[in-house]
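Letter by letter, the chains look like this.
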Amino acid sequence: MTLPRIGGSAGARGAFISFEGGEGAGKSTQIARLAATLRARSGHGVCVTREPGGSPRAEEIRTALLGGVAKPYGPFAEALLFSAARIDHLDRLIRPALGRGETVLCDRFIDSTRAYQGAAGGLDAAVLDALERVVVGPTRPDLTLILDLDPAAGLARAAGRGARTGQGADRFEAEKLDFHIRLREAFLAIARAEPERCAVIDASRDPDSVEAAIRDAVAARLPDLLPGEGARGDAA
Ligand code: T5A
C-alpha cells in the first residue's frame, strides 16, 4: 500500500529526499545541515542515512564494495551487490521510517546505480531499469538534490579530506577522471529526464551558499517541510 505523502498527520508517509552527485560534491556536509534545519523547523522526525549502507547488513556489503572486492566481477555483479544492500536498507530502515511519518534524507540512492554502474560503468540501462523495479518498487524519492560540481574539484576535495583523515581513495574515487566526467553527465541527464523529481544544485560555491540553495529547493518542492520559509525560487 502506498500511503499519502507527508504532513506528519496520522497515517501520512514521510518525505523521502535523496542526495546525489560525484565524489566530494558535499552531500554529507549538506545532509547534516538540512537535517539540523528540519529538526529545528518542522517538528517531524528526521532519519539520516546513506547508501551503500544504512542497515547493519548493508554496511557489511558497503565495506566489501568500497574495498573493491566485487570489481573483478564487473559492473553487473556490483549492481547486484548494491541492490542487495538496498533491499535490506529499504526493509529495515527507509520504509519503516517513512511509515512513521519521518523525513528520510539519504546520501545516494538509485541514481548512483544508474550513473556509476550504468552510464559510467557501461551496464545496460534496460537491465538497471528491471533491477530498480524489483528492488525499489514504489519507494522512490519525492525529491532528489543533485549536487553538481566539476569532477576534478570534487576529487580534490575528497583527496583533501583523505589527507586529513589518513584514508586513501576508495574503489570508485580511484577511477580515472574520464569515468568521473561521465558520472557528472549522467547525473545531469537524469535531472533533465525527471525534472519533477530532481533539482540541480551548484555545489561549487561555499557551504553556506550551497545550503541556502538546498533550502530554497526544499521549500519550493516540499513546502510542508519548511513551514514559513517561503520559496525564494527553485534552484533547479
Ligand atoms: N556507489 C554508490 C555506486 O557506485 N553505486 C551505488 O548504487 C551507490 C549507492 C560511496 C561510493 O559508492 C558508489 C558511489 C561512491 O563512490 P562514499 O564514501 O559514500 O562512497 O562516497 P561519496 O558518496 O562520494 O561521499 P564523499 O564522502 O566522498 O563525498 P560527499 O559526501 O559528497 O562530500 P563531503 O560532504 O564529505 O565533502 C567532501 C570534502 O569537501 C569539503 C568537506 O569539508 C570535505 O572535506 N566540502 C567543501 N569544500 C568546499 N566547498 C564546499 N561547498 C564544500 N562542501 C564540502
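None of the values given here were measured: they were computed from a predicted structure. (Residues numbered from 1 in each chain as written. Predicted model: local features only at pLDDT ≥ 70, side-chain atom pairs only at ≥ 80, totals over all residues. Heavy atoms only, no water.)

## Observations concerning the sheet that holds strand 4 (residues 143–148)
Within a sheet, adjacent strands bond to each other through the backbone by hydrogen bonds, running parallel or antiparallel.
Right, on to step 1. Ordered by their spatial adjacency, five strands build an open sheet running 2-3-1-4-5, and the pairing between neighbours is parallel. One side of each edge strand has no neighbouring strand; the edge strands of this open sheet are strand 2 (46–50) and strand 5 (198–202). Taking each pair of neighbouring strands and ignoring which way they run, the sheet shows an average axis angle of 20°. (Pairing = 2+ DSSP bridges. Helix = DSSP H or I, 4+ residues; strand = E, 2+ residues; numbered from the N terminus. Axes fitted to C-alpha atoms, helices over the stretch in contact; angles between N-to-C directions.)

## Brief notes about the site of the ligand
Right, on to step 1. With respect to spatial proximity, 28 residues lie near the ligand, and among them Glu23, Ser28, Thr29, Thr113 and Arg161 are the closest.
Right, on to step 2. Within the side chain of arginine 108, one N or O atom sits 2.6 Å away from an oxygen atom of the ligand.
Right, on to step 3. When the ligand is considered free in solution it has 1,000 Å² of accessible area, and contact with the protein chains removes 86% of it.
Right, on to step 4. Of all elements in the fold, only helix 1 (27–41), helix 2 (56–66), helix 3 (75–99), helix 4 (110–120) and helix 6 (151–165) reach the threshold of two or more residues within the shell around the ligand.
Right, on to step 5. In terms of residues, the shell around the ligand owes the most to one element, helix 4, which gives four residues.
Right, on to step 6. In terms of residue class, the shell around the ligand is built from seven nonpolar, seven polar and 14 charged. (Near = heavy atom within 4 Å. Polar contact = N/O pair within 3.5 Å; in protein donor to acceptor, adjacent residues only side chain to side chain. Areas by Shrake-Rupley, 256 points an atom, 1.4 Å probe, with all protein chains shown as cover. Nonpolar A, V, L, I, M, F, W, Y, C, P; charged D, E, K, R; others polar.)

## Thoughts on the pairing of strand 1 (residues 16–21)
Right, on to step 1. For strand 1, a buried count of six out of six residues is recorded, marking the element as mostly surrounded by other parts of the structure.
Right, on to step 2. Of the two faces of strand 1, the one lined by Phe16, Ser18 and Glu20 and the one lined by Ile17, Phe19 and Gly21 are each fully buried.
Right, on to step 3. Where strand 1 and strand 3 (residues 103–107) come together, four bridges link them in parallel fashion. Looking at strand 3, one finds that phenylalanine 19 is bridged to aspartate 107. (Buried < 20%, exposed > 50% of the residue type's maximum accessible area, 1.4 Å probe, protein only.)

## Examining the pattern of salt bridges
Right, on to step 1. Overall, the coordinates contain 22 salt bridges when judged by the stated rule.
Right, on to step 2. The salt bridge involving aspartate 208 is made with arginine 33; its shortest N-O contact spans 2.8 Å. You can see aspartate 208 sitting in helix 8 (residues 207–221) and its partner arginine 33 sitting in helix 1, a full 175 residues away along the chain.
Right, on to step 3. Notably, a salt bridge pairs arginine 33 with glutamate 211, separated by 2.8 Å at the nearest N-O pair. With arginine 33 in helix 1 and glutamate 211 in helix 8, this pair connects stretches of sequence that are 178 residues apart.
Right, on to step 4. By relative accessible area, which is 25% here, arginine 33 ends up partly exposed.
Right, on to step 5. Owing to a relative accessible area of 17%, glutamate 211 belongs among the buried residues under this scheme. (Salt bridge = Lys/Arg side-chain N within 4 Å of Asp/Glu carboxyl O.)

## Re helix 7 (residues 177–193)
Right, on to step 1. In this model helix 7 runs 25 Å from its N-terminal to its C-terminal C-alpha over 17 residues, within 8% of the 24 Å that 1.5 Å per residue would give.
Right, on to step 2. Buried within helix 7 are the following residues: Phe179, His180, Leu183, Ala186, Phe187, Ile190 and Ala191. All buried residues of helix 7 project into a common sector of 135° when viewed along the axis, lining one side. More than 90 degrees from the buried face of helix 7, the exposed residues found are Arg192 and Ala193.
Right, on to step 3. Taken together, the buried residues of helix 7 touch strand 1, helix 4, strand 4, helix 6 and strand 5. (Expected span 1.5 Å × (residues − 1). Arc of directions from axis to C-beta. Contact = heavy atoms within 4.5 Å.)

## A look at the packing of aromatic side chains
Right, on to step 1. What the rule picks out here adds up to five aromatic pairs.
Right, on to step 2. Judged by centre distance (5.0 Å) and plane angle (70°), the ring pair of phenylalanine 16 and phenylalanine 109 falls under edge-to-face. Remark: phenylalanine 109 occurs in the loop between strand 3 and helix 4 and phenylalanine 16 occurs in strand 1; sequence separation between them is 93 residues. With respect to class, phenylalanine 16 is no different from phenylalanine 109; both count as buried.
Right, on to step 3. A ring pair is formed by tyrosine 116 and phenylalanine 187, whose centres lie 6.5 Å apart and whose planes are at 70°; its orientation type is edge-to-face. Linking tyrosine 116 in helix 4 with phenylalanine 187 in helix 7, this pair joins segments that are 71 residues apart in sequence.
Right, on to step 4. For tyrosine 116, a relative accessible area of 6% puts it in the buried group. (Phe/Tyr/Trp six-rings, centres within 6.5 Å; stacked < 30°, edge-to-face > 60°.)

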